[in-house]
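One letter stands for each residue in the lines below.
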Amino acid sequence: MLQVTIGLALTGAIVTAAVTRTLRQHFAAIEENELLAQSLGLVVWHYKAFGFAIAAGVSGLAGFALVNMLLTAHPTSFSALSSVNYIAYAIIGGKSSMLGPVVGGALLIWAGDVFALRGEYSQFLFGFLIVVVVLVAREGIVGTIHRLGVRVFSPPLPSRSSTVASSPTLSVPNAMEPLQ
């Protein structure tokens with residue numbers, strides 16, 4: 001059972017990585033401004049249909065892995081709250097990489113366990129955590145850490161004053177002086 005689940009997870013990750021690597025710019029353009037992407041020649045509905053089909057296939061693999069693990073399938077296993085939690089995992093962790101939802105899922109599952117000890121305040125604390133992360137880290141946790149890492153570890157750009165000082169100065173004639 002574990003080998004089947006690992007195989008399905010790897011298959012889903014490989015398919016997602018392949019589609020993301022080849023079509024990332026197209027999907028980003030559609031997400032940013034659908035009308036502009038269409039006017040630039042992208043057939044938007046093709047990309048949307050393809051993305052939906054890939055997402056449905058990967059979700060089907062995940063559902064198969066879950067049923068294989070639980071050895072049962074019941075409609076209560078797939079409640080609306082589960083869907084909200086899965087979306088929250090992606091938002092909190094960050095949707096810029098495949099690591100984001102994994103980090104978001106780990107954090108929110110851990111936080112749910114910790115907040116469950118607080119009893120009646122658990123849902124409030126869980127919601128508060130989501131709101132704080134969304135307000136503080138717009139790109140999600142992984143995206144924010146990546147952005148901060150790039151900012152800290154990238155070489156500094158030359159300052160404007162050093163480039164201005166090294167450039168030759170041009171003399172602009174004064175309008176009040178006669179030209180020679």
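Quick summary incoming for the structure in this document. No experiment lies behind these values; they were computed from the predicted model shown. (Residues numbered from 1 in each chain as written. Predicted model: local features only at pLDDT ≥ 70, side-chain atom pairs only at ≥ 80, totals over all residues. Heavy atoms only, no water.)

## Some remarks on the nonpolar core
Soluble, globular proteins show a tendency: their nonpolar side chains are buried together.
Move 1: Counting residues in each nonpolar core, the largest one holds 9 residues, listed as A88, Y89, I92, L108, A111, F115, F126, V133 and I141.
Move 2: When residues no more than four places from it in sequence are discounted, the contact partners of L108 are A88, Y89, I92, F126, L129 and I130.
Move 3: Grouped together as the second largest cluster of nonpolar side chains are 7 residues, V19, L23, A37 and L42 included. (Core = buried A, V, L, I, M, F, W, Y, C linked by side-chain atoms within 4.5 Å. Buried < 20%, exposed > 50% of the residue type's maximum accessible area, 1.4 Å probe, protein only. Contact = heavy atoms within 4.5 Å.)

## Topic: the packing of helix 1 (residues 2-32) against helix 3 (residues 44-70)
Move 1: Between helix 1 and helix 3, whose axes approach to 10 Å, the crossing angle comes to 165 degrees. Of the possible angle classes, the one that applies to helix 1 and helix 3 is roughly antiparallel. Between helix 1 and helix 3 lies a crossing of left-handed hand. In this structure, helix 1 uses V4, T5, L8, T11, G12, V15, T16, V19, L23, H26, F27 and I30 to contact helix 3, whose residues at the interface are V44, Y47, K48, F50, G51, I54, V58, L61, F64, A65 and N68.
Move 2: Considering only residue class, the contact of helix 1 with helix 3 consists of 15 nonpolar, 7 polar and 1 charged. (Axes fitted to C-alpha atoms, helices over the stretch in contact; angles between N-to-C directions. Helix = DSSP H or I, 4+ residues; strand = E, 2+ residues; numbered from the N terminus. Parallel < 35°, antiparallel > 145°, perpendicular 65-115°, else oblique. Left-handed = near helix turned anticlockwise from the far one by under 90°. Nonpolar A, V, L, I, M, F, W, Y, C, P; charged D, E, K, R; others polar.)

## Some remarks on helix 3
Move 1: The end-to-end C-alpha distance of helix 3 is 38 Å, a good match for the 39 Å that 27 residues give at a rise of 1.5 Å each.
Move 2: Looking at helix 3, one finds that the buried residues are V44, Y47 and A65.
Move 3: For helix 3, the secondary structure elements touched by its buried residues are helix 1 and helix 2 (34-39).
Move 4: One or two positions beyond helix 3, positive phi appears at L71, with a value near 60 degrees. (Expected span 1.5 Å × (residues − 1).)

## Focus: the environment of V102
Move 1: Among the structural elements, V102 can be located in helix 5 (residues 99-116).
Move 2: With a relative accessible area of 54%, V102 lands in the exposed category.
Move 3: Distance from V102 to Y89, taken between C-alpha atoms, is 7.4 Å for residues 13 residues apart in sequence.

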